[in-house]
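Observations on the model geometry
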Amino acid sequence: METEFRRLPSVDRVLAAERLKQLGETYPHNLLVNLVRQQLERERLSIAAGNPVASLAKIVDSVFAQIQSLENPSLRPVINATGVILHTNLGRASLSQEASAAMDTVAKGYSNLEFDLSSGTRGSRQVHIEPLLCQLTGAEAALVVNNNASAVLLGLTALARRKEVIVSRGQAVEIGGGFRIPDVMRQSGAKLIEVGTTNCTYLSDYELAISPRTAALMRVHSSNFRLMGFTNEVAFEDLAALANRNNLPVFDDLGSGCFLDTTKFGLVPEPMVQQSVALGAGLTFFSGDKLVGGPQAGIIVGKRQFMDKLRKHPLARAVRIDKVRLAGLIATLVHYLKDEATTKIPVWRMISAPVAEIDQRARQWAQVLGNLAQVVEGETMIGGGSLPGGTLPTRLVAIGDKKDRNVAQVLSQKLRSQEIPVIGRISEDRLLLDPRSVLPEEDEMVLKALRNLTSGSRRA
Ligand SMILES: *Cc1c(COP(=O)(O)O)cnc(C)c1O
């Protein structure tokens, strides 16, 4: 082992290699020195583990690979053919042309973000979006923050700290990604009073729990699961009326937050923001990047008296929205104002796409793969903690080989390693690709990836 250590080249010898000398023209010398040192350290550990010393060429290759991986960001675009429209791991909503253009413009230069152009004095970033949200939802006031988790945290901290908030036991849920209502409640300093049972909560349960320490009643939209069978939840209307009789506010965490009537698209009903406001919610919380179809944001609409307290709370500054996403969200909301959501906002374009159109695209995709692929009936999920149990009919490209169960796995991996990775889902030894969660303008990229698959791996 000692001799192996001695055969390890010096830093200077590695740096003198022709390939690294060339890199020296592009990269600072001290970066190359650091990378070579780090690589030699890894080589020492490898030798200590009993491996033979690596060749100089191998060491140079590794340094080269390190630079490549630092320089080429690992975060990159993919095509979502999973059939889950709001796929949180794939970045949730894609944005409209108008929204991404607005973000680009604001990102490139200065803006009047917090500057009142008429008076020449300091302004608020919220003034650019509040009137739009009030117009769309009928609320008195609105506030936009980093995401919905921080919106709920801000609301509870500012209004219910050291007090009690009454929530149905069936709604003390985990949304995913570690967002659990009881934990957020604890973090805010509010005490969660769970009432009812897992499957049944009645108005009288809330009524009995009201005390002088109560700050609010709260509904949490159980957005990612559905209770079946013998269940009862109190209608929001009745909850709001009870709160009102007791001079208490009712908070509504809608999760996804939807402006359009989902039943018009053949989906199960998703509570709408306008309804929540109209039924008297003190504050309604929802995400910007779920069914709203905009960038990541937390949106709060409701009564001015509560919003004023939220605005003044120090946490509001800690969870504020950045200018780029603010611009994207405004552009997205304008689509609702113009009643053009279904033609402009990708999430709604996907939801409203007719099956006949998807069938046609699926056939085009399948054709590239010949007898490896079939078009079958299937279902698209909305995802992103909305419409639990709600799906849309679709057509899937099912790829696989009955004689070789590995084919689906192998092809799935190959599609993921394309220049623009295409992500599908595997079910019963078949790789399924759903054109509904892919925009038609991305079809060329899908076809290219599928053509790459067939060169070399085609089985007749
Ligand atoms: C998704 C969700 C959240 C968290 O929203 P983010 O915007 O992801 O922070 C909170 N509450 C409910 C009910 C949700 O569905």
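Predicted, not measured: the structure shown is a model, and the values here were computed from it.

On a plain count of helices and strands, the protein comes out with 20 helices and 18 strands. In terms of overall dimensions, the protein has a C-alpha envelope of 85 × 55 × 50 Å along the principal axes. A buried classification covers 49% of the 460 residues belonging to the protein. Expressed as a percentage of contacts within the protein between residues at least 6 apart in sequence, the contacts between residues at least 24 apart total 74%.

With that settled, the discussion passes to the sheet that holds strand 15 (residues 391–399). Where strands meet in a sheet, backbone hydrogen bonds hold them as pairs that are either parallel or antiparallel. An order of 2-14-15-18-17 is seen for the five strands of this open sheet, with the pairing classed as mixed. Only two strands of the sheet have a single neighbouring strand rather than two, namely strand 2 (84–86) and strand 17 (425–427). Between one strand axis and the next, the sheet turns by 40 degrees as a mean value, whatever way the strands run.

With five of five residues buried, strand 12 (residues 283–287) lies mostly within the body of the structure. Residues L283, F285 and S287 point to one face of strand 12 and T284 and F286 to the other, with burial holding for every one of them. In this structure, strand 11 (residues 250–255) lies alongside strand 12, joined through four bridges in parallel fashion. When the bridges of strand 12 are listed, D253 appears paired with F285. Handedness of the crossover joining strand 11 and strand 12 through helix 12 (residues 273–278) is recorded here as right-handed. Across five bridges, strand 12 lies against strand 13 (residues 298–302) in antiparallel orientation. Among the inter-strand pairings, F286 is bridged to a residue of strand 13, identified as I299.

Pairing is mixed in the open sheet, where seven strands are placed in the order 5-13-12-11-10-6-9. Of all strands in the sheet, those with a lone pairing partner are strand 5 (141–145) and strand 9 (191–195), marking the two edges. The average undirected angle you get between the axes of adjacent strands in this sheet is 20 degrees. Along the sheet, helix 9 (residues 181–188) makes contact with strand 6 (164–168), strand 9, strand 10 (214–220) and strand 11, crossing strand 9 at roughly 145 degrees.

Turning to the packing of aromatic side chains, a few remarks are in order. All told, the structure shown has four aromatic pairs when counted by the stated rule. Ring centres of F251 and F285 lie 6.3 Å apart, and the angle between their planes is 90 degrees; on these two criteria the pair is classed as edge-to-face. Within this pair, whereas F251 is found in strand 11, its partner F285 is found in strand 12, the two being separated by 34 residues in sequence. Both residues of the pair, F251 and F285, belong to the buried class. Each ring, one from F259 and one from Y336, has its centre 4.9 Å from the other, and the planes form 75 degrees; the classification is edge-to-face. With F259 in the loop between strand 11 and helix 12 and Y336 in helix 15 (residues 323–337), this residue pair connects regions lying 77 residues apart in the sequence. A residue is classified by how much of its surface remains accessible, and F259, at 5% relative accessible area, is buried. Judged by relative accessible area, which is 9%, Y336 ranks as buried. Taken together, the ring pairs in this structure connect F259, F286 and Y336 into an aromatic cluster. It is R19 that lies over the ring of F64; its NZ or CZ is 3.9 Å from the centre.

Attention now moves to unusual backbone geometry. Comment: phi is negative for the bulk of residues other than glycine, and the bulk of peptide bonds are trans. In this structure, R92 takes a positive phi of about 55 degrees despite not being glycine. Position of R92 among the secondary structure elements: in the loop between strand 2 and helix 6 (97–108). Here the phi dihedral of R162 falls at roughly 65 degrees; this positive angle occurs in a residue that is not glycine. Examined against the element boundaries, R162 turns out to sit in the loop between helix 8 (148–160) and strand 6.

The domains assigned to the protein are domain 1 (2–71), domain 2 (79–87 + 347–455) and domain 3 (97–344). Computed from C-alpha atoms alone, the centre-to-centre distance between domain 2 and domain 3 is 33 Å. Listed by partner, the interface residues are 16 residues for domain 2 and 24 residues for domain 3. Summed over both sides, the interface of domain 2 with domain 3 buries roughly 1,600 Å², with 71% coming from carbon and sulfur. Seen at the junction of domain 2 and domain 3, the total is zero salt bridges. Here domain 2 is connected to domain 3 by two residue pairs in polar contact (both at pLDDT 80 or more). Among the elements of the structure, helix 17 (346–352) and strand 15 are those that each provide at least two residues to the side of domain 2 that touches domain 3. A per-element tally of the side of domain 2 that touches domain 3 places helix 17 first, with five residues. Looking at the side of domain 2 that touches domain 3 residue by residue, the class counts come to eight nonpolar, seven polar and one charged.

Residues L133, V301, L333, Y336, V347, W348 and I351 are the most contacted members of the largest nonpolar core, which totals 39 residues. Summarising the domain contributions, this core has at least three residues from each of domain 2 (79–87 + 347–455) and domain 3 (97–344). Apart from the residues lying within four places of it in its own chain, the contact partners of V301 are L133, T137, A139, A141, A142, V273, V277, G282, L283, T284, F286 and M307. By size, the runner-up hydrophobic cluster in this structure holds 32 residues, among which are A158, L159, M307 and A316.

On to the side chain of H335. If you trace the backbone, H335 turns up in helix 15. At a separation of 2.8 Å, a polar atom in the side chain of H335 contacts the side chain of S96. In this structure, H335 is in contact with S96, E98, E340, A341, K344 and I345, ignoring residues within four places of it in sequence.

Criteria and thresholds
Residues numbered from 1 in each chain as written. Predicted model: local features only at pLDDT ≥ 70, side-chain atom pairs only at ≥ 80, totals over all residues. Heavy atoms only, no water. Helix = DSSP H or I, 4+ residues; strand = E, 2+ residues; numbered from the N terminus. Buried < 20%, exposed > 50% of the residue type's maximum accessible area, 1.4 Å probe, protein only. Contact = heavy atoms within 4.5 Å. Pairing = 2+ DSSP bridges. Axes fitted to C-alpha atoms, helices over the stretch in contact; angles between N-to-C directions. Right-handed = clockwise from strand over helix to strand, strands pointing away. Phe/Tyr/Trp six-rings, centres within 6.5 Å; stacked < 30°, edge-to-face > 60°. Lys NZ or Arg CZ within 6 Å of the ring centre and 35° of its normal. Domains from an automatic or database assignment. Buried area = accessible area lost by both parts, 1.4 Å probe. Salt bridge = Lys/Arg side-chain N within 4 Å of Asp/Glu carboxyl O. Polar contact = N/O pair within 3.5 Å; in protein donor to acceptor, adjacent residues only side chain to side chain. Nonpolar A, V, L, I, M, F, W, Y, C, P; charged D, E, K, R; others polar. Core = buried A, V, L, I, M, F, W, Y, C linked by side-chain atoms within 4.5 Å.

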